[in-house]
Amino acid sequence: MKSAVTVSLVPEAKSGPFVFHDDLPGACRTAKELGFDAIELFAPGPDAVPENELRTILNDHGLMLAAVGTGAGWVRHKLTLSNTSAGERRKAVDFVKSMIDYGAAFGASAIIGSMQGRWGDGMDRETGMANLIESLRTLADRPLLYEPLNRYETNFATRLEDGVRLLEMVKSESLKLLADLFHMNIEETNLADALRAAGPHIGHVHLADSNRRPAGYGHTDFAPIGRVLNEIGYAGFVSAEAFPHPDSRGAAEATIRAFRTHFCAKR
Ligand code: LER
Ligand code: MN
């Protein structure tokens with residue numbers, strides 16, 4: 001498994017669950033100093049940091065790009081892949097495509113989290129689901145991560161097993177699941193069992209404690225989670241998407257400590 005830490009450059013997400021905010025070179029410096037393998041980038045769009053600039057920053061610090069978030073499409077432009085309007089769905093798909101292209105230049109997948117939207121407000125579940133599946137089919141010819149979210153953020157897939165069912169409907173080898181331990185803490189009966197059952201579908205992990213503070217600041221038991229990920233041979237990123245508590249550096253330090261204790265394949 002490889003360690004990563006999130007960096008948000010989205011002004012609307014200033015109070016969001018990201019370890020670092022705004023200062024990309026500073027975040028990379030601290031991430032490298034603490035021994036992270038990668039950063040995960042939440043950017044306003046594909047032009048926020050030009051590709052050559054990002055390449056220079058990553059190379060200078062010997063870091064990989066773990067993944068790119070697409071949530072700015074929702075928080076900035078109110079776009080969703082399940083929108084009842086075909087025109088709005090097209091805009092959402094185009095935004096995600098631009099982020100897929102951006103990440104692909106670094107071998108990083110794009111994440112579909114809040115961009116999935118939710119059914120309701122005049123759109124029934126069946127129609128919303130059909131819209132989401134159609135959008136994902138259009139996008140998933142390249143590496144893409146679908147993230148089940150807790151009930152307050154979506155009503156499509158809230159547990160990993162719902163996510164696996166959705167993946168089976170989309171039928172794309174390049175579409176994998178993102179297991180976010182914060183959402184799972186709200187929705188799953190048992191986190192380790194859910195991860196074991198989802199097995200080879202898991203393509204990325206978001207690491208946060210029960211309260212979305214960094215690992216170690218809540219009551220999630222990470223030992224069985226790390227054990228099961230090792231057992232199923234998960235070799236992807238474990239990426240800290242957590243509040244900068246007590247501050248960004250402190251959150252990154254707690255994360256790398258938890259990563260080394262529970263996730264490194266050394267047992
Ligand atoms: C994104 O990775 C996520 O976990 C969501 O909670 C963002 O809305
Ligand atoms: Mn997440």
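Engineer: Tell me about the nonpolar core, and name the residues and values.
Structural biologist: Core analysis: the largest hydrophobic core is formed by 83 residues, its most contacted members being Leu-24, Ile-39, Leu-144, Tyr-146, Leu-181, Leu-195 and Phe-263. Looking at this core element by element, the count peaks at seven residues for helix H4 (residues 86-104). Those residues in contact with Leu-144, other than ones at most four positions away along the chain, are Val-96, Ile-100, Ser-109, Ala-110, Ile-112, Leu-136, Leu-139, Ser-174, Leu-175 and Lys-176.

Engineer: Pulling in residues and values, what's your account of the environment of Ser-109?
Structural biologist: With respect to the helices and strands, the residue Ser-109 is situated in strand E5 (residues 109-112). Here the alpha-carbon distance between Ser-109 and Glu-40, two residues 69 residues apart in the chain, equals 10.0 Å. In this structure Ser-109 touches Ala-66, Ala-67, Val-68, Pro-143, Leu-144 and Leu-145, once residues within four positions along its chain are discounted.

Engineer: So what's going on with the coordination of the manganese ion (ligand 2)? Residues and values would help.
Structural biologist: The coordination sphere of the manganese ion (ligand 2), as far as protein atoms go, consists of Glu-147 (OE), Asp-180 (OD), His-206 (ND1) and Glu-241 (OE), spread over 2.1 to 2.2 Å. Each of the six donor atoms around the manganese ion (ligand 2) contributes to a set of angles spanning 71 to 172 degrees, which defines the coordination as octahedral. Sequence positions of the residues that donate to the manganese ion (ligand 2) give the spacing E-x32-D-x25-H-x34-E. Of this pair, Asp-180 sits in strand E7 (residues 175-180) while Glu-241 sits in the loop between strand E9 (237-240) and helix H10 (248-263), placing them 61 residues apart in sequence. Under the relative-accessibility criterion, Asp-180 is labelled buried at 2%. Using a relative accessible area of 9% as the deciding quantity, one classes Glu-241 as buried.

Engineer: Explain the site of ligand 1 to me, using residue names and the numbers behind them.
Structural biologist: Near ligand 1 you find Glu-147, Leu-149, Glu-153, Asp-180, His-183, His-206, Arg-212 and Glu-241, and these make up its full shell. Take His-206: an N or O atom from its side chain is 3.3 Å from an oxygen atom of ligand 1. Protein coverage of the free-state accessible area of ligand 1, which is 250 Å², stands at 81%. Cavity membership is defined here by more than half of the atoms lying within 2 Å of grid points; on that basis ligand 1 lies in the largest pocket. A per-class count over the shell around ligand 1 returns one nonpolar, two polar and five charged.

Rules used in this analysis
- Residues numbered from 1 in each chain as written.
- Chains lettered and ligands numbered in written order.
- Predicted model: local features only at pLDDT ≥ 70, side-chain atom pairs only at ≥ 80, totals over all residues.
- Heavy atoms only, no water.
- Core = buried A, V, L, I, M, F, W, Y, C linked by side-chain atoms within 4.5 Å.
- Buried < 20%, exposed > 50% of the residue type's maximum accessible area, 1.4 Å probe, protein only.
- Helix = DSSP H or I, 4+ residues; strand = E, 2+ residues; numbered from the N terminus.
- Contact = heavy atoms within 4.5 Å.
- Donors = N, O, S within 2.8 Å, 3.2 Å for Na, K, Ca; no water.
- Tetrahedral: all angles 85-135°; square planar, octahedral: opposite > 155°, others 65-115°.
- Near = heavy atom within 4 Å.
- Polar contact = N/O pair within 3.5 Å; in protein donor to acceptor, adjacent residues only side chain to side chain.
- Areas by Shrake-Rupley, 256 points an atom, 1.4 Å probe, with all protein chains shown as cover.
- 1 Å grid on protein atoms, 1.4 Å probe; cavity = no way out; pocket = protein on both sides within 12 Å on 5 of 7 lines; lining within 4 Å.
- Sits in = over half its atoms within 2 Å of the grid points.
- Nonpolar A, V, L, I, M, F, W, Y, C, P; charged D, E, K, R; others polar.

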